There are 2 protein chains.
Amino acid sequence: MAHHTKNDILDAAEYLFAEQGFTQTSMREITTRAQVNLASVNYHFGSKKNLIQAVFKRYFDKLMPDIEKSLLGLSAKEGTQGVELLLFSLIPPMINLSTVSENGTATFVKLLGRGYNETQGHLRRFIMNDYGACIRELVDCIQRCLPSLPKETLFWRMHFAIGSFVFSMTSSQALTEIAESDFHKHIEIEEVMSQLVPFVAQGLAGSIDS
Amino acid sequence: MAHHTKNDILDAAEYLFAEQGFTQTSMREITTRAQVNLASVNYHFGSKKNLIQAVFKRYFDKLMPDIEKSLLGLSAKEGTQGVELLLFSLIPPMINLSTVSENGTATFVKLLGRGYNETQGHLRRFIMNDYGACIRELVDCIQRCLPSLPKETLFWRMHFAIGSFVFSMTSSQALTEIAESDFHKHIEIEEVMSQLVPFVAQGLAGSIDS
DNA sequence: GTCTATAGATCGATAGAC
DNA sequence: GTCTATCGATCTATAGAC
């Protein structure tokens, strides 16, 4: 059936893209993993590039409405604590991505990292075109928590924060293995995010004169 | 002459690797840019994989001794300020990488980011084998600034910090373009690093009970 | 050491039978 | 919608003349 085939391709593709990158993943690998015919990818998605966008669309269509709801239900509070509350409110929508696919959260962030520097800006344009409103709203919320922070400082710190998240997820397998062997406990993605939120909140809210 | 050819290949390769990634850069692109023959890469380096390692080696051989010197000349000071001082002391060695190649600093960090998630751990092993002592010393110095911080918290925060740096450099072109168009001023890499240091210092030193 | 030429593998995409 | 078969392009790596 077509619907199953299409979803099977998406499942296989997102896994391989996240683990290996877009260029390093061939159509043959995808169709083999999805147990469908090689030609079906081009039949259903037209091209590899379209397939990549479809993989992202499945996540963003789930994530963005959830984030908008989280932002609406937020009590405005200033300072580090306000930022930390805001960031914590983003965790449930992120965790919810597990309903899209197994390990959906980590997969999505890995894909985001890959997309940021493998697709030469194509992805950034696609995201800002289709989901720009929600992203701008998120930035505004953070700015309202930190009214005295110059826009330029916030701009850089926001990207530093994204970098922390993307990198820790992209390298999550290696990092989790090291952490588990060093600290003798099982690491879940929720824990990594709980570690990340205070780091990012402190970094974002830090005074600029020191 | 052999020496020139070898260096020309390294110069061309590191530029293309940093901008496009390892897989997306072909030997033909490298040799064309270096204006040398296609076969000379395999003659001088044996394989593409060895070429990648040689590109990294040129940077680490310059960077690691400088970092060790910086750490030795550091007056131990605790807390956020101590971390910030330590991080600031790393900036000159990083800036000095411009002597290795044009835009050496950004190129190196971009390569690091690429290597972290394109080479399936091969690079991590290579780095820890050849330069692990210096890296461990750096971690110890930070730990000494933050004696009350659990090792596990520090572990995660260190990687969040690396992620911030790598991501901002990997996306530096896009980010710098946006920043320049939004804030109407030219952005230099020193400025990005000056923005980064307080962010990372605050994030690293933040209290764990909040 | 540097070149040409090419082997050998793999890729994305498509044509055409069913 | 799904399959086989294959085209045409591109890649890394190497053999062998100079």
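Residues numbered from 1 in each chain as written. Chains lettered and ligands numbered in written order. Predicted model: local features only at pLDDT ≥ 70, side-chain atom pairs only at ≥ 80, totals over all residues. Heavy atoms only, no water.

Caption draft 1: Quick look at the protein's contact with DNA strand D. Taken together, 17 residues sit near DNA strand D, with T5, N37 and H44 of chain A together with M27 and R28 of chain B positioned nearest. Y43 of chain A has a polar side-chain atom sitting 3.2 Å from a phosphate oxygen of DNA strand D. If you list the elements that add at least two residues to the surface near DNA strand D, you get helix 1 (2-20) and helix 3 (39-45) of chain A together with helix 2 (27-34) of chain B. Take the surface near DNA strand D: its biggest share by element is three residues, from helix 3 of chain A. (Near = heavy atom within 4 Å. Polar contact = N/O pair within 3.5 Å; in protein donor to acceptor, adjacent residues only side chain to side chain. Helix = DSSP H or I, 4+ residues; strand = E, 2+ residues; numbered from the N terminus.)

Caption draft 2: Broad picture of the pattern of salt bridges. According to the stated counting rule, one finds 14 salt bridges over all chains in the structure shown. For K185 of chain B, the salt bridge goes to E152 of chain A, with nearest N and O atoms at 3.3 Å. Taken together, the positions of K185 of chain B in the loop between helix 9 (172-183) and helix 10 (189-205) and E152 of chain A in helix 8 (residues 151-170) put the pair across two chains. The network of salt bridges with shared partners includes D11, E14 and R58 of chain A. (Salt bridge = Lys/Arg side-chain N within 4 Å of Asp/Glu carboxyl O.)

Caption draft 3: Focus on the protein's contact with DNA strand C. If you check the shell around DNA strand C, you find 16 residues, and the closest are M27, R28 and K48 of chain A together with T5 and N37 of chain B. Expressed as a percentage, the sugar and phosphate content of the atoms of DNA strand C within 4 Å of the protein is 57%. R28 of chain A places a polar side-chain atom, nitrogen or oxygen, 3.0 Å from a base nitrogen of DNA strand C. At the level of secondary structure, the elements contributing two or more residues to the surface near DNA strand C comprise helix 2 (27-34) and helix 3 of chain A together with helix 1 (2-20) and helix 3 (40-45) of chain B. Looking at side-chain class alone, the surface near DNA strand C contains seven nonpolar, seven polar and two charged residues. (Nonpolar A, V, L, I, M, F, W, Y, C, P; charged D, E, K, R; others polar.)

Caption draft 4: Broad picture of the relation of the copies chain A and chain B. Of the transformation placing chain A onto chain B, the axial shift is 0.0 Å and the rotation is 180°, giving an RMSD of 0.1 Å. In short, the pair behaves as if placed about a two-fold rotation axis. Here 100% of the interface residues in chain A have copies in chain B that are interface residues too; the copies meet face to matching face. (Least-squares fit on C-alpha atoms with pLDDT ≥ 70 in both. Contact = heavy atoms within 4.5 Å.)

Caption draft 5: Seen up close, the packing of helix 7 (residues 122-145) of chain A against helix 8 of chain A. Residue and element names in this part refer to chain A. Following both chains from N to C, one finds helix 7 and helix 8 inclined at 120°, their axes separated by 11 Å at the closest point. The angle between helix 7 and helix 8 places the two elements in the oblique class. Between helix 7 and helix 8 lies a crossing of right-handed hand. Each of V139, I142 and Q143 in helix 7 lies in contact with helix 8, whose residues at this interface are K151, L154 and M158. Residues belonging to the contact of helix 7 with helix 8 are distributed by class as follows: four nonpolar, one polar and one charged. (Axes fitted to C-alpha atoms, helices over the stretch in contact; angles between N-to-C directions. Parallel < 35°, antiparallel > 145°, perpendicular 65-115°, else oblique. Left-handed = near helix turned anticlockwise from the far one by under 90°.)

Caption draft 6: Fine view of the interface of chain A and chain B. Listed per partner, the contact involves 45 residues of chain A and 45 residues of chain B. Around 4,100 Å² of area is buried between chain A and chain B when both sides are counted, 69% of it from carbon and sulfur atoms. Contact with chain B buries area across many residues of chain A, yet W156, F160 and F199 of chain A alone supply 19% of it, more than any other trio. Here chain A is connected to chain B by two salt bridges. In this assembly, chain A and chain B are joined by seven residue pairs in polar contact (both at pLDDT 80 or more). Contributing elements (two or more residues each) for the side of chain A that touches chain B: helix 6 (104-118), helix 8, helix 9 (172-183) and helix 10 (189-205) of chain A. By residue class, the composition of the side of chain A that touches chain B is 19 nonpolar, 17 polar and nine charged. (Buried area = accessible area lost by both parts, 1.4 Å probe.)

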